[in-house]
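A look at the structure
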Amino acid sequence: MYGKSAVTKSTAIIVVAIIVIAAAAAVGVFTVVLPGAQQTPQVSEVRVGLVEPLSGSYAVFGNEAKQAAELIAEEINAAGGIKNLGGAKIKLFIEDSKSSADGARLAAEKLVNVDRVNVIIGAFISAHTLTMLDVTEPKKIVVMADALVDYLTARGFKYIVRLPPKASVHGATAVDFAVGVFKQNNLKIQRPVIVHFDGLFGEVTADGIYTRLRDLGIKVVDRIKYPTDITDMAPIIERIKNANPDIVFAVPYYADSIILAKAVKSLGLKVQFIAGAGGTGLADPETIKAAGDATELMTNTYSYDPFLPTPYNKQLVQKFQNKYGKLPTEAAGIIFYTLWTLKEALEVSGKNSPSNPLDGDSLMSALMSLDLSSGPAAETYPSGRIRLAPNGDNIYAQAVVLQVQNGKPVLVYPFEKATNPVIFPRP
Amino acid sequence: MVATEVFTSFIQYVVLGLMLGGVYALAAMGLALLFGVANLINFAHGEYIMLAMYMTYVVSLGLLQDPVLSPIVTVPVFFIIGVLTYLGVFKRLVTAPPLSQIAATVGILVLLRNLALTIWAAEPKAPPYTVFATSVSLGPLTIPLDKLLATVVSIAALLVLYFFLERSRLGVAMRAAADDVEAISLMGVDTGRLFLTTTGISMAMVGLSGSLIMTFQAVTPTSGLLFGLLTWAIVALAGLGTVRGILVSAIIFGVVDSLASGLWDPRGREIVLYGLFILILWVRPKGLFGRR
Amino acid sequence: MEKNRIFTAIAGAAAAVFPLILGLNEYYVFLVTLIMLYTTIVVAWQLIGGLGGQLDLGAGAYHGLGAIVTGYLMVYHGISGWVGLFAGGLAAAGVAFIIGYPSFRFGLKEVWYALSSLALVLILQKIFLLWTDVAGPLERYIPYAAFDPIFMRSGYKTFYYYITLALFAATLALVYRIRKNKLGLYLQSIRDNEEAAEMLGVDVRKYKLIALLVYSFIAAMTGGIYTSMVGFYHPTLFDSWISIQTVTLSIAGGLGSLWGPPITSLILLTVQEYLRITLGAVIIGLHQVIFGIILIFIILFRPEGLGPLLDTLSVRLGLGSKASKEM
């Protein structure tokens, strides 16, 4: 516009601007990216990421998991950390998944790319755990899942292990328990109804129940799905009534279990037994507190037995109760044995792969080599034994059943280990 | 299933729906009043209902135990909240264009909803039992007493409002304002005070309905959105102007709600309710009983 | 004018190399891409809200629909995400038409349009929740690929950064052009006084509809990009919060200005992320409350939004004349 010189001047300014920015960028790359890629040869700490729902609908579980993790990490560190790694301490990096899949994924991104953790425990909710794998698998970060859905170990993911019994096992356990209870009273299950929330976990666990019943030759009368965020269960109770069941199998999460229990009471649903599956809701202290006596005589299956009479478990439960004022159940229990198993694996890895003990492959092979039947990990596990199959599941997985009696959860199954006999039927 | 069983089921759902309708009518009435008299679009109406529900929860947990007693607290408190909201926000909005009213009340919506998320977290909250958490049998039908009570109280409140609007001076002024605001201000009525009182009464009804809803339902931070859309839909169907219109419209929605959840799928509920809403907007924009 | 070009050139160059400045850190690039995606919706919203004067609350519906359509095509039919973006856009525009045409035709008052667009978010969410063949309550996962540009899938967030940057720039350019040309003037006249515009022969319905279709198409594309980036889709992607966020950011930025909304959006969303990172785990949800409070203050006390402020600022800096900013 003002002649050639003005054009070249503005062009020059633009070119300079780009060069300056490119230089800044190069600096950014060299100072941040490259050094981060180098592995520090000295292992002074083991960075353990924890992704749990600390806010949102599932905060109840996430917070319990967090409490358990802090307790165990402290114990491990106080006892000298990981001996085969020169006493390296466990450092927890806790992220909130905000009870959503996006949140879990974001948390995993942060843990992997910013905090540079060596292993991730999480995310309690099965659907959320799957989204994390997108981030961890390519980078070979081991995920120790505290989520139950079968998929997690069935899809060919390489860097995942899962110690608690999977969802279908929970479902099958609920059925075996119920069949056993009916048999003790000279009855047979003939008209079961399954009611569950419509998420991934609800579906798979309900499938587990259905499959087990089918294998036993029992036909399911009705299978009712409801949205996880339901607030009024009157229509659901109606539908259950119409099916005229002799037993109701329920797979809820936490909040819906409270609403279910209350609706059962206020609408006067009469059924011989109500058995939950999946470890969340109905028979844990939080739910009992929130629903009052509506949960009386309901049961649920759990991945952890707080009444397991091994010396370490008894001591741990007492410690947990003293510190947090409540009985540890599903969320805490899974963390107990998962973290202790990690410790055992780290010891093995430190010995077998001294040059890169925290590498994903080293850790996985260490985990696979474990066969624990003693020690804190085994002492907190329901079956007392931990050994991983190639797909990452525990070969000796076992779920237990707790029933609410007089406002407290008690162990009723496996029958040989029960602290109390089952109360049957419902009034 | 045998035909009589299906029929009984159907009637059961209809009965449940009728009861829901009574409660929804009270919830929607506050909105209709505000919109009709002060010409004020309160996009956050649902959130106020949600706030009332949370307040009921807190009050029941702390002091009163039975949520049935909570209106003792929520009604006066919400009247005051209404007054404060008017003085703080609505006063400036009454003369503003509709878009500004919507925008500003959306702001209140955001604030209330996130406040609820922060204070009470996302899981549903429900108060301890009401003493009415049982049911009576009427032949083959089960009548839950908590819902019945809520309906009875709601309808009683609506009757009170009806007589208020018909007989009292303030009520007549409000109805006149709904017809022609300029005319009544020319006649010497202090429209500012009138709107202030209207907002107060509207909110008091919100308080009462929130408490009643809590006797049989739980609350989450998304309840605001759901009740907001529902009450607006009821107002859309009813058109503006009559208590009776709101009641009938709300009952229609209540029955549709119950049938959809029971016979189809609880998740289909929203599709049917809001689908109905959109249909009304296309087919009968003036609603069934509108006067304008 | 010269300064304008220089400024744009610098901004463009910075945007182009930004991932490098962030050290290619996956996490940070991810956040920045997200912020840019949501800002793109805000810019597109100017067409229906800022210019067309309709308070549309359907952003969550269109974004979600784009995500589901794109995701579904990628997962179940192996169709490239690029095609998916386009298909998602068409689907959203189609749905928008179904809602918009009758609403504008009957001349419904603003509040009913706002409500029905909000209702759309929930209706679509529930429909897809029940439609198990396509979506359903279970998450659907898109197959992982480290870098497959033809399929539009990559494990590297930088890939998505550039796609989003292209969309963002294109949307800005589009809105800029529309404002200047006939369509923009028509929309403005409708916003200022609909009845007068109609009497003057402006086909109110047609122009509002065009604005709505373009905006919904773009919003859907952001959804498609999002779902490919995170690798899964689920009906919760129909989120009313996206609708509300878009509206409030647009209003805070100033309904009439071009730069106000995007700049406000970039700033506030970055602040929100920062708060979420630092405070989020301390007091849950606090960052959103603060966000809400900031917004109410702006709406109540500065209803024109930050737009005019930014305009004045840019005039002071010598970037363009005051007249070109007038709306």
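What counts and what doesn't
- Residues numbered from 1 in each chain as written.
- Chains lettered and ligands numbered in written order.
- Predicted model: local features only at pLDDT ≥ 70, side-chain atom pairs only at ≥ 80, totals over all residues.
- Heavy atoms only, no water.
- Helix = DSSP H or I, 4+ residues; strand = E, 2+ residues; numbered from the N terminus.
- Buried < 20%, exposed > 50% of the residue type's maximum accessible area, 1.4 Å probe, protein only.
- Areas by Shrake-Rupley, 256 points an atom, 1.4 Å probe, with all protein chains shown as cover.
- Lys, Arg positive; Asp, Glu negative; His and termini not counted.
- Charge placed at Lys NZ, Arg CZ, Asp CG, Glu CD.
- Core = buried A, V, L, I, M, F, W, Y, C linked by side-chain atoms within 4.5 Å.
- Contact = heavy atoms within 4.5 Å.
- pLDDT = per-residue confidence, 0-100.
- Buried area = accessible area lost by both parts, 1.4 Å probe.
- Salt bridge = Lys/Arg side-chain N within 4 Å of Asp/Glu carboxyl O.
- Polar contact = N/O pair within 3.5 Å; in protein donor to acceptor, adjacent residues only side chain to side chain.
- Patch = residues over 30% accessible without salt bridge, like charges linked within 9 Å, V, L, I, M, F, W, Y side chains within 5 Å.
- Pairing = 2+ DSSP bridges.
- Right-handed = clockwise from strand over helix to strand, strands pointing away.
- Axes fitted to C-alpha atoms, helices over the stretch in contact; angles between N-to-C directions.
- Expected span 1.5 Å × (residues − 1).
- Phe/Tyr/Trp six-rings, centres within 6.5 Å; stacked < 30°, edge-to-face > 60°.
- Lys NZ or Arg CZ within 6 Å of the ring centre and 35° of its normal.

A word on the overall build of chain A. Of regular secondary structure, chain A possesses 14 helices and 14 strands. Dimensions along the principal axes, computed over C-alpha positions, put chain A at roughly 100 × 60 × 40 Å. Taking all 427 residues of chain A together, the buried fraction comes to 61%. When the accessible surface of chain A is totalled, it reaches about 15600 Å², and 55% of it is carbon and sulfur. Across chain A, the mean location of the 42 positive side-chain charges is 2 Å away from that of the 40 negative side-chain charges.

Membership of the largest hydrophobic core comes to 302 residues, with the highest contact counts inside it found for A:Phe249, B:Phe43 and C:Trp112. Broken down by element, this core gets its largest block of residues, 15 residues, from helix α1 (residues 3-38) of chain B. Contact partners of C:Trp112, with chain neighbours within four places excluded, come to B:Phe35, B:Trp232, B:Val235, B:Ala236, B:Phe277 and B:Leu281. Counting residues in each nonpolar core, the second largest holds 13 residues, with C:Met36, C:Leu165, C:Leu172 and C:Val175 among its members.

Another point: the confidence of the model for chain C. All names here are of chain C. This prediction gives chain C a mean pLDDT of 81; 77% of its residues lie at or above 70. Predicted confidence in chain C is weakest over helix α14 (residues 322-325), with a mean pLDDT of 43, and strongest over helix α3 (residues 59-77), with 94. Overall, residues 320-327 carries pLDDT values under 50, and its contacts beyond four positions in sequence, including any with other chains, amount to 14 contacts. Note on the complex model: pTM 0.84, ipTM 0.85.

A word on the interface of chain C and chain A. Taken residue by residue, the interface counts 34 residues in chain C and 33 residues in chain A. Both faces combined, the contact of chain C with chain A buries some 3000 Å², and carbon together with sulfur accounts for 70% of it. Ranking the residues of chain C by area buried against chain A places C:Tyr27, C:Leu138 and C:Tyr141 at the top, with a combined share of 19%. Linking chain C to chain A there are two salt bridges. Between A:Asp134 and C:Arg153 there is a salt bridge, with the nearest N and O atoms lying 3.2 Å from each other. Our count for the chain C to chain A interface comes out at seven residue pairs in polar contact (both at pLDDT 80 or more). At the level of secondary structure, the elements contributing two or more residues to the side of chain C that touches chain A comprise α1 (2-21), α2 (26-51), α5 (110-130), α9 (204-230) and α11 (260-278) of chain C. Element by element, the count of residues in the side of chain C that touches chain A is highest for α1(C), at nine residues.

Let's shift gears to the pattern of salt bridges. Counted according to the given criterion, the structure contains 27 salt bridges over all chains. Linking A:Asp176 and A:Arg212 is a salt bridge whose minimum nitrogen-to-oxygen distance equals 2.8 Å. In this pair, A:Asp176 sits in helix α6 (residues 167-184) while A:Arg212 sits in helix α7 (residues 200-215), placing the two residues 36 residues apart along the sequence. You can call A:Arg212 partly exposed: its relative accessible area is 26%. Each of A:Arg105, A:Glu109, A:Asp134, C:Glu26, C:Arg153 and C:Lys157 takes part in a single network of salt bridges with overlapping partners.

Once that is clear, we can look at the interface of chain B and chain C. Taken residue by residue, the interface counts 40 residues in chain B and 42 residues in chain C. When the two sides are added together, the surface that chain B and chain C hide from each other amounts to roughly 3700 Å², 84% of it contributed by carbon and sulfur. Among the residues of chain B in contact with chain C, B:Leu99, B:Arg267 and B:Trp282 are the three that bury the most area, contributing 17% of the side total. Applying the counting criterion to the chain B and chain C interface returns one salt bridge. Taking the shortest distance from any N to any O, the salt bridge between C:Lys126 and B:Glu270 comes out at 3.7 Å.

Once that is clear, we can look at a nonpolar patch on the surface. Taken together, the side chains of B:Ile155, B:Leu159, B:Tyr162 and B:Phe163 present a nonpolar region at the surface, about 350 Å² in accessible area. Residue B:Ile155 is classed as partly exposed on the basis of its relative accessible area of 32%.

On to the pairing of strand β9 (residues 273-276) of chain A. All names here are of chain A. Burial along β9 is two-sided: the face carrying Phe 273 and Ala 275 and the face carrying Ile 274 and Gly 276 are both buried. Summarising the sheet, strand β8 (residues 247-251) and β9 pair through four bridges and their orientation is parallel. Considered in β9, the bridge of Ile 247 is made with Phe 273. The parallel pair β8 and β9, bridged by helix α9 (residues 255-266), forms a crossover whose chirality is right-handed.

With that settled, the discussion passes to the sheet that holds strand β4 (residues 142-145) of chain A. In a beta sheet, neighbouring strands are held together by backbone hydrogen bonds and run either parallel or antiparallel to one another. Residues and elements named next belong to chain A. Taken together, the five strands give an open sheet; going across it, the order is β2-β1-β3-β4-β5, and neighbouring strands pair in parallel fashion. If you trace the sheet from one side to the other, it starts and ends with β2 (89-96) and β5 (160-162), each paired once. Mean inter-strand twist for the sheet, computed between neighbouring axes without regard to direction, equals 25°. In this structure, strand β3 (residues 119-122) lies alongside β4, joined through four bridges in parallel fashion. Looking across to β4, one finds that Ile 120 is bridged to Val 143.

All names here are of chain A. For helix α2 (residues 59-78), which comprises 20 residues, the first-to-last C-alpha distance of 28 Å matches the rise-based estimate of 28 Å (1.5 Å per residue) to within 8%. Counting buried positions over the 20 residues of α2 gives 15, a clear majority of the element. Gly 80 sits one or two positions beyond α2 and adopts a positive phi of about 110°.

Residue and element names in this part refer to chain B. One can find Gly 46 in helix α2 (residues 45-64). The class for Gly 46 is buried, based on a relative accessible area of 0%. Along the chain, Gly 46 and Gln 101 lie 55 residues apart, while their C-alpha atoms are 15 Å from each other. For Gly 46, the contacting residues outside a window of four places in its chain are Gly 224, Phe 227 and Gly 228.

Turning next to the packing of aromatic side chains. Describing an aromatic ring pair means giving the distance of the ring centres and the angle of the ring planes. The tally for this structure, following the rule as stated, stands at 36 aromatic pairs over all chains. Where A:Tyr312 meets A:Trp340, the ring centres are 5.9 Å apart and the plane angle is 90°; that geometry is what we call edge-to-face. Placement of A:Tyr312 in helix α11 (residues 311-324) and of A:Trp340 in helix α12 (residues 330-352) is noted, with a sequence separation of 28 residues between them. For the pair shown, A:Tyr312 and A:Trp340 are each scored as buried. Ring pairs connect the aromatic residues A:Tyr58, A:Phe61, A:Phe124, A:Phe197, A:Phe201, A:Tyr253 and A:Tyr254, which therefore count as one cluster. Geometry around C:Phe30 places A:Arg105 over its ring, the cationic atom sitting 6.0 Å from the centre. Looking at C:Lys157, its charged tip hangs above the ring of C:Phe30, at a distance of 5.7 Å from the centre.

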